[in-house]
Amino acid sequence: DAKTTQPNSMESNEEEPVHLPCNHSTISGTDYIHWYRQLPSQGPEYVIHGLTSNVNNRMASLAIAEDRKSSTLILHRATLRDAAVYYCILTNFGNEKLTFGTGTRLTIIP
Amino acid sequence: GAVVSQHPSWVICKSGTSVKIECRSLDFQATTMFWYRQFPKQSLMLMATSNEGSKATYEQGVEKDKFLINHASLTLSTLTVTSAHPEDSSFYICSPQGDRRANEQFFGPGTRLTVL
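Thresholds applied
- Counting restarts for each chain, with residues numbered from 1 along the sequence as it is written.
- Chains and ligands are labelled sequentially in the order written, the chains with letters from A and the ligands with numbers from 1.
- Where local features are concerned, this predicted model is filtered to residues with pLDDT of at least 70; where side-chain atom pairs are given and counted, the filter is 80 or more; whole-chain, interface and lining totals use all residues.
- Water and hydrogen atoms were dropped before computing side-chain values, which therefore reflect all heavy atoms in the structure.
- Put simply, DSSP H or I for four residues or longer makes a helix, DSSP E for two residues or longer makes a strand, and each gets a number counted from the N terminus.
- The globule rule used here is 2.2 Å times the number of residues to the 0.38 power, and the radius of gyration it is set against is calculated over C-alpha atoms.
- A contact between two residues is defined here by any heavy atoms of the two lying within 4.5 Å.
- In short, Shrake-Rupley with a 1.4 Å probe defines the accessible areas, and a residue's cover is counted only from the protein chains shown.
- When a carboxyl oxygen of Asp or Glu is within 4 Å of a side-chain nitrogen of Lys or Arg, the pair counts as a salt bridge.
- Amino acids outside the nonpolar list (Ala, Val, Leu, Ile, Met, Phe, Trp, Tyr, Cys, Pro) and the charged list (Asp, Glu, Lys, Arg) are all regarded as polar, and Gly is one of them.

> Explanation requested: the overall build of chain B in the structure shown.
Broken down by element type, chain B carries zero helices and 10 strands. Written out in order from the N terminus, the α and β elements of chain B read β-β-β-β-β-β-β-β-β-β. For 116 residues, the compact-globule estimate of 2.2 N^0.38 gives 13 Å, and chain B sits close to it at 13 Å. When the backbone C-alpha atoms are referred to their principal axes, chain B occupies close to 40 × 25 × 20 Å. Taking contacts inside chain B between residues at least 6 apart in sequence as the whole, the part at least 24 apart equals 55%. Just so you have it, chain B exposes about 5,900 Å², and 51% of that area is on carbon and sulfur atoms.

Laid out in structure tokens, this is it:
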């Protein structure tokens with residue numbers, strides 16, 4: 001399976017944008033880039049996904065590098081409720097089992 | 001998103017007892033169920049995959065006789081931790097999947113098991 005690399009932790013001030021990077025240099029042409037987050041003591045929740053083009057939804061934006069070897073999850077205006085562990089995961093098909101890495105623990109500073 | 005429930009949300013038991021965790025998909029039919037566990041400060045690790053009406057497939061290192069999975073219906077799956085020991089204390093999370101390709105996967109809220 002293609003692997004992803006994320007920083008272990010990041011901090012951001014409340015109400016400021018947050019850019020969470022993810023490297024996936026061995027990504028294949030059919031791999032989708034998915035982001036999930038896990039709030040404390042909860043199960044993971046879907047954030048966003050993309051294949052080649054940048055994507056926006058109500059939660060976040062996903063910027064994908066032209067060579068697809070990296071991507072960035074963008075939270076446009078972080079709130080305290082965005083404090084969580086964010087996982088960048090490559091999947092080949094939507095219903096397959098997910099392999100979670102260590103993720104990035106995001107701390108929001110009031 | 002889909003509604004997934006787990007029961008109980010937390011449980012404390014004595015060593016040697018068995019604990020059953022239920023996972024229900026409330027608004028869609030789960031043909032596949034993934035069970036994960038998460039130790040403190042660690043990431044989620046897949047334990048097993050089950051398809052409705054079939055035996056579960058366990059990941060390497062997960063004892064099938066210790067972690068019994070039943071997926072007898074499309075809305076309910078159970079994970080039974082038999083003869084639990086303190087090292088089984090963990091956060092157990094189910095993830096039901098339907099039979100159609102989905103862009104997102106859904107997860108239960110998790111069950112925290114503490115074995116004394």
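> Looking at this structure, I do not really get the interface of chain A and chain B. What am I missing?
For interface size, the figure often reported is the accessible area lost on association. The partner chain B presents 22 residues to the 20 residues of chain A that form the contact. Where chain A meets chain B, there are one salt bridge. K97 of chain A is the partner of E59 of chain B in a salt bridge, and the nearest nitrogen-oxygen pair spans 3.3 Å. Those elements giving two or more residues to the side of chain A that touches chain B turn out to be β3 (32-38) and β4 (45-50) of chain A. With four residues, the top contributor of residues to the side of chain A that touches chain B is β3 of chain A. When the residues that make up the side of chain A that touches chain B are grouped by side-chain class, the tally is eight nonpolar, 10 polar and two charged.

Purely geometric numbers; function is a separate question.
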